[in-house]
Amino acid sequence: MAKKKYYVVWEGMQPGVFDNWQECSNSIAGYSSAKYKSFDSKEAAERAYNDSPFKYIGHSKVTKKEASSPTPQQTDPNSIAVDAACSGNPGKMEYRGVYTATSTELFHFGPVLGTNNVGEFLAIVHGLAYLKKNNLKMHLYSDSKIAISWIKQKRCKTLLSRTSKTEELFQMIERAEKWLHENRIPQSNILKWETKAWGEIPADFGRKK
C-alpha cells in the first residue's frame, strides 16, 4: 500500500494543508506562482505550512534518472499540454488539452475530418485562447514541431484539399489564424514536449500501437 501523503499549499487559490492530491491540485490549478510540496506526515506538513516555503521547495529527493532528465510534471506542473489524434490521413481527427500535473482534461474537440498536423495546430491555438480567456499565465506544451512552426508563422500550411467534406475544418483553420493575428502571444509561452526524454505528452490519447 502506498504511503499516505499530505500536501502543503503556501500560495494558491486556497492555501492550506490537504490530505489528498486532488484537493491540492484544485488549489494550484491556474495559479501561475503556486508554491506547494508533499510531506510524509500531517505533523510535518502543518509545521511547514506555518514556516517559509523557501525552506522546503526544491529540496525533495529524486532518483538519479529523474535528476538527469526532470519532466515538466516535476519542473513545470502548473502548465497545460495539448495533443491531437487522427485515424487515417485524412481521417477522423480530434484534439484536447489537459492540465500537465494531473492530466485533467480542460477541453476536447472532435472528431472531424482532418489530419494530425492540423489537429496539433488547432489544439495549440485552442490552448492559447483558453489561457487568455481565463487570464492564466502558464506554459503550453506541444510535441509537434510542425504545429509550433505554423503557430510562429500564424498560418496553418496544410496541403489538405478544401472540399465539401473538409469545409468545417477549413473554417476552423481560418478562425484560428484570425485569432493568432489579433492576439499577441509571446513565443516563449509555447514549449516543445521532448517525448524521448519525458515519455508521451500528458494529453496523448493513448492509441499508438
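Residues numbered from 1 in each chain as written. Predicted model: local features only at pLDDT ≥ 70, side-chain atom pairs only at ≥ 80, totals over all residues. Heavy atoms only, no water.

**Structural notes on unusual backbone geometry**
Under the convention used in this document: Numbering of helices and strands starts at the N terminus; helices are DSSP runs of H or I of at least 4 residues and strands are runs of E of at least 2. Throughout, exposure labels follow a simple rule: accessible area from a 1.4 Å probe, protein chains only, divided by the maximum for the residue type, with under 20% read as buried, over 50% as exposed, and the rest as partly exposed.
Here N89 and P90 are connected by a cis peptide whose omega angle stands at 0°. On the secondary structure map, P90 appears in the loop between β4 (80-88) and β5 (91-99). Notably, S103 is not glycine yet its phi reads approximately 65°, a positive angle. Look at S103 and you get partly exposed, because its relative accessible area is 35%.

**Section: the sheet that holds strand β2 (residues 16-18)**
As a reminder of what qualifies: At least two bridges found by DSSP between two strands are what make those strands a pair. Lines are fitted to the C-alpha atoms to define the axes, a helix being fitted only along its stretch in contact, and any angle between axes, read from their N-to-C directions, falls within 0 to 180 degrees.
Judged by pairing direction, the sheet is antiparallel, and its 3 strands sit side by side in the order β2-β1-β3 without closing on themselves. Strands at the two margins of the open sheet, each flanked by one partner only, are β2 and β3 (35-39). Each neighbouring strand pair of the sheet contributes to a mean axis angle of 20°, computed without reference to strand direction. Bridging between strand β1 (residues 6-11) and β2 involves 3 bridges; their strand directions are antiparallel. Bridge pairing in β2 places V8 opposite V17.

**Some remarks on the sheet that holds strand β6 (residues 105-114)**
Our working rule: Contacts are assigned to residue pairs with any non-hydrogen atoms lying within 4.5 Å of each other.
Spatially, β6-β5-β4-β7-β8 is the arrangement adopted by the 5 strands of the open sheet, whose pairing is mixed. Each edge of the open sheet carries a strand with a single partner, namely β6 and β8 (190-192). Ignoring strand direction, the axes of neighbouring strands in this sheet form an average angle of 25°. As judged from the 3 bridges shared by strand β7 (residues 140-142) and β8, these two strands associate in the parallel manner. By the bridge assignment, L140 is partnered in β8 with I190. Taken strand by strand, helix α5 (residues 116-133) contacts β4, β5, β6, β7 and β8, and its axis lies near 150° from that of β4. Here helix α6 (residues 145-153) sits on the sheet in contact with β7 and β8, set at roughly 155° to β8.

**As for the nonpolar core**
Threshold: As used in this record, nonpolar core signifies buried Ala, Val, Leu, Ile, Met, Phe, Trp, Tyr and Cys residues forming a set joined through side-chain atoms within 4.5 Å.
With 39 residues, the main nonpolar core has Y95, F121, L122, I124, L128, L140 and L169 as its most contacted residues. Sorting elements by how many residues they give to this core places α5 first, with 8 residues. Apart from the residues within four sequence positions on either side, F121 is in contact with A147, W150, I151, R155, C156, A176, E177 and L180. With 7 residues, the next largest nonpolar core counts F39, A44, A45 and A48 among its residues.

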